[in-house]
Amino acid sequence: MNTQRTALVIGANGGIGSEACVALLRHGWKLRALVRTAPMDASKDDIEWIAGDAMHADDVLRAANGVDVIVHAVNPPGYRGWDTLVLPMLDNTIAAARAAGARIVLPGTIYNYGPDAFPRLTEDAPQHPHTRKGEIRAEMERRLQAATDHGVRVLILRCGDFFGPRPGNNWLAQGLVRAGAAVKRVSYPGDYAIGHSWAYLPDVGDVLARLLDREADLGAFESFHFGGYWLDGHAMLDAIRRTAGDPRIKAGRFPWWLARVASPFNETMRELCKMRYLWREPVRLDDAKLKTFLGGNLYTPLDQALARALMGAGCMAATPATPALQRTTG
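Everything numeric in this text was worked out from a predicted model, so none of it was measured. (Residues numbered from 1 in each chain as written. Predicted model: local features only at pLDDT ≥ 70, side-chain atom pairs only at ≥ 80, totals over all residues. Heavy atoms only, no water.)

### Concerning the overall build of the protein chain
Then, in step 1: The secondary structure content of the protein chain amounts to eleven helices and 14 strands.
Then, in step 2: Rg of the C-alpha trace for the protein chain: 19 Å, near the compact-globule value of 20 Å for 330 residues, within the 12% margin.
Then, in step 3: Expressed as a percentage of the 330 residues in the protein chain, the buried residues total 54%.
Then, in step 4: Considering only residue pairs separated by 6 or more positions, the protein chain has 75% of its internal contacts joining residues 24 or more positions apart.
Then, in step 5: Accessible surface computed for the protein chain: about 14400 Å², of which carbon and sulfur atoms make up 52%.
Then, in step 6: Taken together, the 39 basic and 35 acidic charged side chains of the protein chain have centroids lying 6 Å from each other. (Helix = DSSP H or I, 4+ residues; strand = E, 2+ residues; numbered from the N terminus. Rg over C-alpha atoms; globule rule 2.2 N^0.38 Å. Buried < 20%, exposed > 50% of the residue type's maximum accessible area, 1.4 Å probe, protein only. Contact = heavy atoms within 4.5 Å. Areas by Shrake-Rupley, 256 points an atom, 1.4 Å probe, with all protein chains shown as cover. Lys, Arg positive; Asp, Glu negative; His and termini not counted. Charge placed at Lys NZ, Arg CZ, Asp CG, Glu CD.)

### A look at the sheet that holds strand β10 (residues 195–200)
One key point about sheets: their strands pair by backbone hydrogen bonds, in either a parallel or an antiparallel sense.
Then, in step 1: The strand order across the open sheet built from three strands is β8-β10-β12, with neighbouring strands paired in mixed fashion. Every other strand in the sheet has two partners, leaving β8 (161–163) and β12 (229–232) as the edge strands with one partner each. Taken pair by pair, the neighbouring strands of this sheet meet at an average axis angle of 40°, ignoring direction.
Then, in step 2: For β8 and β10, the ladder comprises three bridges, and the chain directions are parallel. By the bridge assignment for β10, phenylalanine 162 is matched with alanine 199.
Then, in step 3: The strands touched by helix α7 (residues 233–244) within the sheet are β10 and β12, with β12 carrying the most contacts at an inclination of about 100°. (Pairing = 2+ DSSP bridges. Axes fitted to C-alpha atoms, helices over the stretch in contact; angles between N-to-C directions.)

### A short note on the packing of α7 against helix α11 (residues 302–312)
Then, in step 1: Direction vectors running N to C along α7 and α11 enclose 70°, while the axes themselves pass 9 Å from each other. Considering their axes alone, α7 and α11 lie roughly perpendicular with respect to each other. Once α7 is placed against α11, the crossing between them reads as right-handed. Between α7 and α11, the contacting residues are Met236, Ala239, Ile240, Arg242 and Thr243 on the first element and Leu302, Asp303, Leu306, Ala307 and Leu310 on the second.
Then, in step 2: Its residues assigned to classes, the contact of α7 with α11 shows seven nonpolar, one polar and two charged. (Parallel < 35°, antiparallel > 145°, perpendicular 65-115°, else oblique. Left-handed = near helix turned anticlockwise from the far one by under 90°. Nonpolar A, V, L, I, M, F, W, Y, C, P; charged D, E, K, R; others polar.)

### So, the side chain of histidine 225
Then, in step 1: Summarising the element assignment, histidine 225 is placed in strand β11 (residues 221–225).
Then, in step 2: The class of histidine 225 is buried, set by a relative accessible area of 0%.
Then, in step 3: Here leucine 121 takes part through its backbone oxygen, which lies 2.9 Å from a polar atom of the side chain of histidine 225.
Then, in step 4: Setting aside its immediate chain neighbours within four residues, histidine 225 contacts Tyr113, Leu121, Thr122, Glu123, Arg158, Leu285, Asp286, Asp287 and Leu290. (Polar contact = N/O pair within 3.5 Å; in protein donor to acceptor, adjacent residues only side chain to side chain.)

Laid out in structure tokens, this is it:
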């Protein structure tokens, strides 16, 4: 492994960005992070924090000077401003990657797909998005594909719903359970009998780093699906009960009616309701290509992942008795 390779992470304060930083450092990379505000303890890590805005082309170009990889992990918070922010930020990353000769890494979503591609999504499934957000995500990938004609290399790792040990904006910590309180009830957003794809963020970061370790084997435009955990609502509820050590945790429903009532006045709730279709049908990411490329040892055992996520959300007390992190074929 060449420890002199340098990666720029845009959106390093977010869930996937922060875990990408952790994993890339562990794999021997030099790290730069473009953020609006560096963390208070930035001097304690091995990351070069650069103040800047992903909407400013000059900031991105300056931060990307001399890097080998740009991880584009930036998104508008709370589903807000996608129409005006998402594509300009990506265009700035593409321009910087062309100037630096860097590969772009994009954490992909399932928003790109409509019901015609469900339930099992492979890398070559047709992208006929159901929502404006899906159209934007599909356009992002079209622009990245076009950028390869100008020498830009691209890696997309598509994942289901994220969750992880750091507090953040995700369905588990802000939907299924109530952050900061012991779990008494799971508010599930869909039919408990329908399967759903989940992705543990530390595993996503590690897989990204492992893929980049294989740069010589990657194509100019490469896409992989991250299978993670395929669970219906009953399996997720059972896992939360086991992890929390409380079989009395109730099976509840997410209050979509309340989100609809708030929609006219709250952009986040309005956009959340548009994505409800992803909870009404089974959507599973087929990770056969990824497992063939990297091997099957990809995913942390579910109960260990949930324990760390619930601790991070303040729903469980941290304990030194928590098992050491392991991975399984999942």
